[in-house]
Amino acid sequence: MAPRSLWNGTVMLGLMAVPVKVHTATESKTVRFHEVHLKDGSRIQHRRFCTQEDVEVPYEEVVKGYELSSGEHVILEKDELKAAAGDRAHVIEIEDCVCADDIDPVFFDKTYHLGAGDEGGQAYRLLHDALEKTQRAAIGRFTFHDREYVVAIRALDGVLALHTLRFADEIVDGRKLDVSLPRKKPGRKELQLAQRLVETLHGPFKPERHRDEYRKAVLKAIEAKAKGKEIEAPDEEEPEAPDDLLAALEASL
Amino acid sequence: MPRALWSGTLSFGLVNVPVRLHSAVRDHDLHFHQLHEKDGARIETRRFCEKEDAEVPWEEIGHGYERKDGTLVVLTDEELAAVAPRRTRTIEIGAFVDVADIDPILYDHPYFLVPAGEAEGVRRAYKLLVEVMRDRDQAALGRFVLRTKEHLVAVRVRDGLLSLTTMRFHDEVRPTKGIDTGGRKPPKKQLDQAVKLVEALSTDWDPERYEDRYRKRLQQVVRRKRQGKTIKPPEKETAPEPASDLMEALERSLAEVRGERSGVAAD
């Protein structure tokens, strides 16, 4: 069964329209809890209250306010907020194509899968194959939930993936952080030992080998509690900073 | 420098480097408050017990997990804390991999790790890690616990510092099964033409080229509203028609792009 789509629209490569559907590509598997009243085990509800009148306020009476430095609020209606989304709600126009590997990992935010839209099978295949062959990512704008994102579209495992990207001014420049490192380069012997240690530990990346152990521990604790067992905290031990870098490296090897 | 989000030890073999964690991302979003339309007063959220219909103080709230059979298991803060993984203050590097092998779909949030404290030994150990990883496109894999969640992380060098990126676990990426991948393999002529078009649109990756137009427009909406002007919602766009002749659409696009881009170059 085809997964549900979150967005239907068109990718424009020049004058070639590629109808697409957007699907989620990632899902958090962090164990989710509900808020519960400890006394009687019943669910907690969140209710909105007016801080002035001290009465509950229905959702229809809630508006969004942007606070000015004077403390006053500029109130925006839901429709007015939509105006900022721009007028290309269902079209992603490809502005540029770039080498997919040139985009630093720091820019990648969320990922979605793109599927072919109605009557778009041939164009979808063509876009996919062209991006795969050239190893390029197509850069465009994507309007989702009344907000515009810059996205990179590329071929991934036989489908098209769409990544929302962070903007350049959202990325912190490490060179501007106040960190003073020793000018002197590490000693040759230290560097060699460290390099050998890196080589010993180097191997292919197998994502399926890394499992979420915390998720497992939480689920185990839940089952233990369900059986009426007590949950105990493990002991902690903290490592100490090395006095002798060289000796620590040698011992590691 | 802003306050650190976490501090602990990066441990590489038997070399332990005390480090602090800072976000590598800045938030420029415009944030809004919820207000009561009638009087403009701030809205606050209060927690109520569904059964008693009474407000519940924070200390009386636990974490309820619904099991598959519908039964609810409730954990207290203390019980949940007890499950927190061992050695919550250490990032242990277990392996080194090529950065190119990590698909960007796995990346979540980027941070910087900076050396903690002024001690010369700490700074030297930190610098050693930077030097050894700098010129190889490799990332160190490790795990660490931020707040209550354990993350798989990739540590590599960026801007001369160690950068740490949290990653999604493998099973948090959805399979692509069921996604409509379109028609048959395109004919060679069509693919050649599409490749030419992609190449004609190609440029070097320069993140500065793309500004956050949404943020700008939202600031403008706020400004206009403040001045008492009306704000028009965006016009409804018409959906582009799928091309009946792909080859023709590609050829026309190519002619157009080549015309535009050569025009730019001649300026």
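Every chain is numbered on its own, with residues counted from 1 as its sequence reads. Labels are handed out in written order, letters beginning with A for the chains and numbers beginning with 1 for the ligands. Only residues with pLDDT of at least 70 are given local features in this predicted model, and only at 80 or more are side-chain atom pairs given and counted; all residues enter the totals for whole chains, interfaces and linings. Side-chain numbers here rest on the full set of heavy atoms in the structure, without hydrogens or water.

Description of the side chain of T134(A)
Rule in force here: Segments assigned H or I by DSSP are reported as helices when at least four residues long, segments assigned E as strands when at least two residues long, and all are numbered from the N terminus. The buried label goes to any residue with under 20% of its type's maximum accessible area, the exposed label to any with over 50%, and the partly exposed label to all in between, with areas taken from a 1.4 Å probe on protein chains only. By the criterion applied in these results, polar contacts are pairs of N or O atoms within 3.5 Å in which, for protein atoms, one can donate a hydrogen and the other can accept it, and in which residues neighboring in sequence qualify only through two side-chain atoms. Here a residue-residue contact requires only that any non-hydrogen atoms of the pair lie within 4.5 Å.
Within the element layout of this structure, T134(A) appears in helix α2 (residues 121–134). The class for T134(A) is buried, based on a relative accessible area of 12%. A polar atom in the side chain of T134(A) sits 2.7 Å from the backbone oxygen of A130(A). Not counting the four nearest positions on each side in its chain, T134(A) is found in contact with V195(B), V198(B) and E199(B).

Some remarks on the sheet that holds strand β2 (residues 16–24) of chain A
Test applied: Here, a strand pair is defined by DSSP locating no fewer than two bridges between the strands. The angle between two axes is taken between their N-to-C directions and runs from 0 to 180 degrees, where each axis is a line fitted to C-alpha atoms and a helix contributes only its stretch in contact.
The strand order β1-β2-β8-β11-β10-β9-β7 (chain A) describes a closed barrel built from 7 strands, whose pairing is mixed. Pairs of neighbouring strands in the sheet enclose a mean axial angle of 40°, with direction left out of account. In this structure, strand β8 (residues 108–116) of chain A lies alongside strand β11 (residues 159–165) of chain A, joined through 5 bridges in antiparallel fashion. Opposite L114(A), over in β11(A), you have L160(A) as the bridge partner. Along the sheet face, helix α4 (residues 213–226) of chain B touches β7 (91–99), β9 (136–144) and β10 (147–156) of chain A and points at about 170° away from the line of β10(A).

Focus: the state of the cysteines
Residues and elements named next belong to chain A. Rules: Disulfides are defined in this document as cysteine sulfur pairs within 2.5 Å.
Summed over all chains, the structure comprises 0 disulfides over all chains. Between C97, a cysteine without a disulfide, and C99, which holds the nearest cysteine sulfur, the sulfur-to-sulfur distance is 10 Å. Judged by its relative accessible area of 0%, C97 falls in the buried class.

Details of the side chain of H128(A)
Residues and elements named next belong to chain A. Structurally, H128 can be placed in helix α2. Classification of H128 as buried rests on a relative accessible area of 1%. If we skip the residues at most four places from it in the chain, H128 touches A155, G158, V159 and L160.

Overview of the packing of helix α3 (residues 188–201) of chain A against helix α5 (residues 245–252) of chain A
All names here are of chain A. The test is simple: The scheme is simple: roughly parallel for angles under 35 degrees, roughly antiparallel for over 145, roughly perpendicular for 65 to 115, oblique for anything else. What makes a crossing left-handed is the near helix being turned counterclockwise from the far one by less than a right angle; a clockwise turn instead makes it right-handed. Charged residues are taken to be Asp, Glu, Lys and Arg, nonpolar residues to be Ala, Val, Leu, Ile, Met, Phe, Trp, Tyr, Cys and Pro, and polar residues to be all remaining types, Gly included.
Between α3 and α5, whose axes approach to 10 Å, the crossing angle comes to 30°. Of the possible angle classes, the one that applies to α3 and α5 is roughly parallel. Note on packing geometry: the crossing formed by α3 with α5 is left-handed. Together, K189, E190, L193, A194 and L197 of α3 and L245, L246, L249, E250 and S252 of α5 make up the contact between the two elements. Residue classes in the contact of α3 with α5 are distributed as 6 nonpolar, 1 polar and 3 charged.

What about the confidence of the model for chain A?
Definition in use: Each residue carries a pLDDT score, the predictor's own confidence in it, on a scale running from 0 to 100.
Looking at chain A as a whole, the pLDDT averages 91, with 95% of positions reaching at least 70. Confidence, expressed as mean pLDDT per element, reaches its minimum in chain A at α5(A) with 81 and its maximum at β11(A) with 98.

A look at α3(A)
To keep things clear, this is the line we draw: Any helix carries an expected span of 1.5 Å times its number of residues minus one. What the arc measures is the spread of directions leading from the helix axis to the C-beta atoms.
Compared with the 20 Å implied by 1.5 Å per residue over 14 residues, the 20 Å span of α3(A) between its first and last C-alpha is a close match. Residues of α3(A) that are buried: E190(A), L193(A), A194(A), L197(A) and V198(A). Around the axis of α3(A), the buried residues are gathered within 140° of arc, so they sit on the same side. More than 90 degrees from the buried face of α3(A), the exposed residues found are R188(A) and T200(A). Close packing links the buried residues of α3(A) with α5 of chain A together with β1 (6–12), β7 (90–98), α2 (120–134) and β9 (138–146) of chain B.

A word on the packing of α3(A) against α2(B)
Following both chains from N to C, one finds α3(A) and α2(B) inclined at 60°, their axes separated by 10 Å at the closest point. In terms of orientation, α3(A) and α2(B) fall into the oblique class. α2(B) is crossed by α3(A), and the crossing has right-handed handedness. Between α3(A) and α2(B), the residues in contact are E190(A), L191(A), A194(A), Q195(A) and V198(A) and R124(B), L128(B), E131(B) and V132(B), respectively. When its residues are assigned to classes, the contact of α3(A) with α2(B) shows 5 nonpolar, 1 polar and 3 charged.

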